[in-house]
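Below, each chain spelled out in residue letters.
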Amino acid sequence: MKQFRTMVYARTMEFVRDRGTFFWNLLFPVLLVFGFSFAFSGEGQPLFKVGVLGSPPAALESPASFLAIEQGRFIVYGPEESREAVLDRLRRHELDMVLDPGSRSYYLNVQGRNASLLRRLAAADPGLREYVERTVTGAPIRYVDWLVPGVIGMNIMFSCLFGVGFVLVRYRKNGVLKRLKATPVSAAAFVTAQAVSRFLIVILTSVVVFAGTNAFLRFRMEGSWAALLAIAALGIVSMEALGLVFAARLRSEELVNGLMNLATLPMLALSGVFFSLEGSPDILKSVSRALPLTHAIGAARAVMLEGAGFGRIAPDLLFLGIFSAAALALASALFRWE
Amino acid sequence: MATILEAAGLRKRYGSVQAVDGVSLAIEEGTCLGILGPNGAGKTTTIEMMEGILAPDEGTVTFRGEPIGREFKRKVGIQFQTTALPEFITVRETLKLFSSFYPSPRPFDEVVDLCSLSDILDRDNRKLSGGQRQRMLLALAIAPRPDVVFLDEPTTGLDPQARRNFWDLVRGIQAEKTTVVLTTHYMDEAQTLCDEVAIMDRGRILERGNPSRLLARHFRGALVRIPRGCVDGDRVPGKLVADHLEIQSENLDKTMRELLAAGVNLEGLSIHKPDLEDLFIELTGSSLRN
Ligand SMILES: Nc1ncnc2c1ncn2[C@@H]1O[C@H](COP(=O)(O)OP(=O)(O)OP(=O)(O)O)[C@@H](O)[C@H]1O
Ligand SMILES: [Mg+2]
């Protein structure tokens, strides 16, 4: 145990004293979050979206209806979408208004940017004369709210892959592993110590980055911190496990660097770090679902933006767990000191 | 005394190079064995196989009669010829780290004292001078309080004073019954420290034994050396070594008289007591090779 603690300590000091890497791990995500929050702080799209539950009343399709004006757009939700699900979209500002012809009512989000405009338009619309107004509340989701899980997820990915994988290959190449092989330390204990050290570093930097940017940007947080931490922890473990697979026996830093870039690029593009994959071809979506980062980021967004509980994110956590176990098994089968 | 470590029929090949070509060595507990040999002779390869770091192509290594394995790793201390140390951590941290791997390591202060590390304890491993680094690596080798210590060229790069300190240190751990296996290119070092030397070349052991007895076996009396320019032709018995003629003499009086009679100019003559270096040159012919 003492041996394990000393190894974790040594590796952690090595990281902390490597100032360049240390600050990069903290600064990079912070800069990204602030940068994007600034870049996307302007008004979003000008059109308003109206969700309709069931089939739209004929009057609304007449040219006299306010919904016929240029900027408006109908989205008709069939019976498979529950009323609550559609209203949730209104609460999240994905919709500006919901029409429910069945109960002759329309819903507005009182915090919506277009709420008062739509109220006036609706009042003036002959087709809606008999409709009653109902309201929901929900703060808008800014791009940065959506982005922050992605950026932290990306930082976790880089920090784990390179911090565990790349460093192990460097140790192998320059002979540190050979020196350790000459001691009674087992490969498993040594590698676990590396992983634990990196785990502590990454979870801490993630919390610091989140708290630091949150202090200024006040992210939307609907769910529980426990769920978010669980996702982060499993995300870190899965990325470390992937890093260990790469590092199991390679000796060349250049090669492992190349391979890791090969792995991180698709994850950056397909795990929904910066933009949503909704609406992209099915093939991309299925690739995306096979990537651990997709599940980590997706689950974190569900918790933060939609208040998902453990029940809803369980499939994602399960995926991350199975992925980690499989990668660790592969890495330990492949591992060589030299 | 019991055999503590035994290598039998070790062979190792790298591509077309037969680095070690059938080496067998038995080492008595508490003794110091020196492995000597020219560059590329296979010394490092041999001891890395004995350390259990390198798998031999053929042959076995046994520790107290058992094949070397996990248990053996707790009982050996190793200083590699070249090793990287973890970066960004200090000498103190490195020493504590490595000590923590062993069941009953030597107390920290004792190691620091033995290897004169007190001045550099808080220095980053990367900022050590060649000799400081060498002392640090030595400290890592003796910190486990091992039964067997392997030292691969431990004094390369040390200043003369540090070398003397190292000798004292080795004598000190020998007094604790530690078995020492070392390689060196310094014959004076082998002569002072080693109970036995093995002279290797091209992957084989050419000679092995106690230094004084080996010298007695190969040389009689003293070596008389005359610069090549002072001798003409083959009027004098002896052999050419590098730039001088070398005559083995059991009776200096007689040799001198013969030389004078042969009209040799005695101006540059020197008389030399044969040492390991002479034996090394004689056996490996290294100055004549290539
Ligand atoms: N990893 C390796 N791959 C290929 N050849 C090797 C390797 N290690 C050693 N050799 C070759 O094996 C031979 C013996 O090398 P070794 O390192 O054992 O020599 P040595 O006696 O320790 O030499 P030195 O005094 O220079 O340290 C050399 O010809 C060397 O080139
Ligand atoms: Mg060598």
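Predicted, not measured: the structure shown is a model, and the values here were computed from it. (Residues numbered from 1 in each chain as written. Chains lettered and ligands numbered in written order. Predicted model: local features only at pLDDT ≥ 70, side-chain atom pairs only at ≥ 80, totals over all residues. Heavy atoms only, no water.)

Colleague: Just checking my understanding: could you explain the environment of F246(A) for this structure?
Modeller: Residue and element names in this part refer to chain A. Note on placement: F246 falls in helix 8 (residues 225-247). Accessibility expressed as a relative area gives 18% for F246, which makes it buried. The residues contacting F246, other than those within four sequence positions of it, are L161, V256, L259, M260 and A263. (Helix = DSSP H or I, 4+ residues; strand = E, 2+ residues; numbered from the N terminus. Buried < 20%, exposed > 50% of the residue type's maximum accessible area, 1.4 Å probe, protein only. Contact = heavy atoms within 4.5 Å.)

Colleague: Would you mind showing me how to read the site of ligand 1 here?
Modeller: Residues and elements named next belong to chain B. Around ligand 1, the structure places 14 residues, and the nearest of them are G40, G42, K43, T44 and T45. For ligand 1, an oxygen atom lies 2.9 Å from a polar atom in the backbone of G42. Here an oxygen atom of ligand 1 sits 2.5 Å away from a polar atom, N or O, in the side chain of T45. Protein chains shield 62% of the accessible area of ligand 1, which is 630 Å² for the free molecule. (Near = heavy atom within 4 Å. Polar contact = N/O pair within 3.5 Å; in protein donor to acceptor, adjacent residues only side chain to side chain. Areas by Shrake-Rupley, 256 points an atom, 1.4 Å probe, with all protein chains shown as cover.)

Colleague: Please clarify how the interface of chain B and chain A should be interpreted in this entry.
Modeller: On the side of chain A, 23 residues touch chain B, which itself brings 24 residues to the contact. Between chain B and chain A lies a buried interface of about 2,300 Å² when both sides are counted; carbon and sulfur atoms form 62% of it. Linking chain B with chain A are two salt bridges. With a closest N to O distance of 2.7 Å, R17(A) and E93(B) form a salt bridge. Inspection of the chain B/chain A interface yields seven residue pairs in polar contact (both at pLDDT 80 or more). (Buried area = accessible area lost by both parts, 1.4 Å probe. Salt bridge = Lys/Arg side-chain N within 4 Å of Asp/Glu carboxyl O.)

Colleague: Help me out: how do you make sense of the sheet that holds strand 1 (residues 3-14) of chain B in this one?
Modeller: Through backbone hydrogen bonds, the strands of a sheet pair up, either in parallel or in antiparallel fashion. All names here are of chain B. Across the sheet, which stays open at both edges, the four strands sit in the order 2-1-4-5 with antiparallel pairing between neighbours. Whereas interior strands pair on both sides, the edge strands pair on one side only; in this sheet they are strand 2 (17-28) and strand 5 (66-67). In this structure, strand 4 (residues 58-63) lies alongside strand 5, joined through two bridges in antiparallel fashion. Across the sheet, F63 pairs through a bridge with E66, a residue of strand 5. (Pairing = 2+ DSSP bridges.)

Colleague: When you look at the pattern of salt bridges in this model, what are you seeing that I'm missing?
Modeller: When the charged atoms of two side chains with opposite charge come close together, those side chains can pair. Residues and elements named next belong to chain B. A full pass over the atoms with the stated rule returns 33 salt bridges over all chains. For the salt bridge of E58 with R11, the shortest nitrogen-to-oxygen distance reads 3.4 Å. Remark: R11 occurs in strand 1 and E58 occurs in strand 4; sequence separation between them is 47 residues. We classify E58 as partly exposed; its relative accessible area is 47%. Because the salt bridges share partners, they merge into one network encompassing R11, D21, E58 and R204.

Colleague: Sorry, what's going on with the sheet that holds strand 3 (residues 32-36) of chain B here?
Modeller: Residues and elements named next belong to chain B. Reading across from one edge, 6-7-8-3-9-10 is the order of the six strands in this open sheet, with mixed pairing throughout. Strand pairing shows two members of the sheet lacking a second neighbour, strand 6 (76-79) and strand 10 (204-209), which therefore form its edges. If you compare each strand with its neighbour and ignore which way they point, the axes differ by 15 degrees on average. The sheet contact formed by strand 3 and strand 8 (residues 179-183) spans four bridges and is parallel. Residue pairing in the sheet places C32 in a bridge with V180 of strand 8. Across the face of the sheet, helix 5 (residues 130-142) comes into contact with strand 6 and strand 7 (148-152) while running at roughly 165 degrees to strand 6. (Axes fitted to C-alpha atoms, helices over the stretch in contact; angles between N-to-C directions.)

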